[in-house]
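Below are the chains, spelled out letter by letter.
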Amino acid sequence: MGFMNKLLGERGSRRTDDYLELNIDDFEAAAGDAKMRVHIAKIGNQQDVIAIKDAIYDGDLVIADITRHATEDRTMQRISDELQQVAQEVGGDIVQKDDDQLILTPTGVSISRQKLGGR
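Scope of this entry: the structure provided in the associated data block. (Residues numbered from 1 in each chain as written. Predicted model: local features only at pLDDT ≥ 70, side-chain atom pairs only at ≥ 80, totals over all residues. Heavy atoms only, no water.)

Before going further, it helps to spend a moment on helix 4 (residues 74-90). Over its 17 residues, helix 4 extends 25 Å from the first C-alpha to the last, a length consistent with the 24 Å expected when each residue adds 1.5 Å. In this structure, the buried side of helix 4 is in contact with helix 3 (49-57), strand 3 (93-97) and strand 4 (101-105). Phi for glycine 91, located one or two positions after helix 4, is positive at around 75 degrees. (Helix = DSSP H or I, 4+ residues; strand = E, 2+ residues; numbered from the N terminus. Expected span 1.5 Å × (residues − 1). Contact = heavy atoms within 4.5 Å.)

Listed below in structure tokens is the structure:
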């Protein structure tokens, strides 16, 4: 399995040993100069949306794990509607990747709907 397949995931099997643990201390110095940060979030309930909204308003990008919710879940629909409104307010973008992730971008950052690669 190649690095990009590990990063983006392949349909089917996801195992713990497919991931590489990185020491964040090795990267902290470089992150201080960044103008935008990428946040990884987990949406468990409506309360989790507040931190995501704050990050988007601050100009950061968020990748949110929504595996706890079914796509048809009413709570997920409310959360999705609220986050779509935030993306629209700031001039950003939002997409759902498969059934398990939402990707939200801040002002001036759009998400291509075309996949790169041979698939």
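Burial analysis of strand 4 places four of its five residues in the buried class, which makes it a mostly covered element. Summarising the sheet, strand 2 (residues 61-65) and strand 4 pair through four bridges and their orientation is antiparallel. In the sheet register, aspartate 65 faces strand 4, and the bridge partner there is glutamine 101. Sheet topology places strand 3 next to strand 4; five bridges connect them, and they run antiparallel. Counted as the bridge partner of valine 95 is isoleucine 103 from strand 4. Once strand 3 ends, the chain turns through three residues before running back antiparallel as strand 4, passing aspartate 98 with a positive phi of about 50 degrees. (Buried < 20%, exposed > 50% of the residue type's maximum accessible area, 1.4 Å probe, protein only. Pairing = 2+ DSSP bridges.)

Here we come to helix 3. By the burial criterion, the buried members of helix 3 are Val49, Ile52, Ala55 and Ile56. Summarising the axial view, the buried residues of helix 3 lie within an arc of 125 degrees, below the 170-degree limit, and thus occupy one face. Along its buried surface, helix 3 packs onto strand 1 (38-42), strand 2, helix 4 and strand 4. Backbone geometry just after helix 3 places glycine 59 at a positive phi near 95 degrees. (Arc of directions from axis to C-beta.)

What follows is about the nonpolar core. The biggest cluster of nonpolar side chains holds 18 residues, and the ones touching the most others in it are Ile43, Ile52, Val62, Ala64, Leu83, Leu102 and Leu104. Looking at this core, the elements that each hand over two or more residues are helix 3, strand 2, helix 4 and strand 4. A total of six residues in this core trace back to one element, the largest contributor, which is helix 4. In contact with leucine 83, not counting residues within four places along its chain, are Ile43, Val49, Ile52, Lys53, Ile94, Leu102 and Leu104. (Core = buried A, V, L, I, M, F, W, Y, C linked by side-chain atoms within 4.5 Å.)

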